[in-house]
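Single-letter residue listing:
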Amino acid sequence: MLAPVFLTDSQPLIQLDLAEEIKTGLLAQSASISPKFLYDNLGSHLFTAITLLPEYYPTRIENEIFGQYRNEIAEVVGQNSSLIDLGAGNCQKAESLFESLKPTSYIAIDFSIEYLQEILPKLQNKYPQVDMYGVGMDFSANFSLPVGVPQAKRTFFYPGSSIGNFLATEAEHLLRQIRAQIDKGGLLLGVDLMKGEDILRTAYDDSLKLTAAFNLNILRVVNGLLGSDFDVKDFRHTIKVNTVLNRVELYLEALSDLIVSWPGNSRAFKRGELIHTENSHKYTLDSIQALLTRAGYRAFNIWTDPQDYFAVIYAQ
Ligand code: AVI
């Protein structure tokens, strides 16, 4: 049986650093937890379930764009490159491009190595002609490809509007770091575009409460890393649509006055107090091209849906 190669990041995930980062966020006056902690194995499964919700339009519409423009995209991007999937998750989006892009190798990078270890072997069996690599990496602060990644033309793949989960300065930093490693290839990017508040509310506060479970699961992840005693029943998922900063903000709201403790410290929360867990920025075609330009990209091919809900951009 063919098996994918699991590479180690040159900057391995250090539990201690992660715990420090969580403590700093929890002890700040306005408490926050980085959205990367949403994605342990369970969180990754919950996110995959969210992408199947009719209300969660980004995945559906992005898939439609990839389906409709598959050949055009392949012509622009070219074939036989190394496909480097940033935040690969269940690898389904990349898989949908295998037939048209015919990558010689596929490098799946994700915060949850456990999830990749579950998904990637099945994919490798289905596509024995593609060399597959799995990398567990936190690329939110710094990104460089680990040693061992094949030296072919590189197609970086960052779909799903995950770029929207970064502040503009962080997004620019990441895009610039990707640009520096592109060589003769390019970046295939999915970006969610600005739209009416109601559509955003339904997408990020769905009636099945999957997004609520996804958001609350972050407290279990934090308990595992920090040794804290968060009880998910003490909090509820809530969102704000921030029309000034063009983003949906996810929070966990304390349902009563309570104290959360961990070895060496604690934090009191008042009833109604919020922990900020995620931003999901929405761009315009102009604002995303301006961001990419600041990050050093010069040429853009853009595909959108008829309603301009979502854009797929090939940037070089
Ligand atoms: C991964 N990311 C692009 C999702 C988003 O839409 O911002 C994460 C998500 N959060 C709540 N629902 C989905």
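Residues numbered from 1 in each chain as written. Predicted model: local features only at pLDDT ≥ 70, side-chain atom pairs only at ≥ 80, totals over all residues. Heavy atoms only, no water.

Taking an unreviewed UniProt entry as the reference, the protein is identified by name as Dimethylhistidine N-methyltransferase belonging to Jezberella montanilacus.

Participant: I'm lost on helix α10 (residues 285-294) in this one. Help?
Facilitator: Note: α-helices contain 3.6 residues per turn, so residues at a spacing of three or four share the same orientation. Of all the positions in α10, only Ile288, Leu291 and Leu292 are classed as buried. Seen from one end, α10 has its buried residues packed into an arc of 95 degrees, which puts them on one side. Directly beyond the C-terminal end of α10, a positive phi value near 105 degrees is found at glycine 296. (Buried < 20%, exposed > 50% of the residue type's maximum accessible area, 1.4 Å probe, protein only. Helix = DSSP H or I, 4+ residues; strand = E, 2+ residues; numbered from the N terminus. Arc of directions from axis to C-beta.)

Participant: Which parts of the structure should I look at to understand helix α5 (residues 92-101)?
Facilitator: In terms of residue burial, α5 counts as a mostly covered element, since seven of its ten residues are buried. Along α5, the residues classified as buried are Lys93, Ala94, Glu95, Leu97, Phe98, Ser100 and Leu101.

Participant: Can you walk me through the site of the ligand in this structure?
Facilitator: Around the ligand, the structure places 13 residues, and the nearest of them are Tyr56, Asn165, Tyr204, Glu278 and Ser280. Of all the elements in the fold, those that place two or more residues in the shell around the ligand are α9 (210-226) and β11 (274-281). A breakdown of the residues in the shell around the ligand according to their chemical character gives six nonpolar, six polar and one charged. Counting residues domain by domain, the shell around the ligand receives three or more from each of domain 1 (5-14 + 42-196 + 282-315) and domain 2 (25-37 + 198-281). (Near = heavy atom within 4 Å. Nonpolar A, V, L, I, M, F, W, Y, C, P; charged D, E, K, R; others polar. Domains from an automatic or database assignment.)

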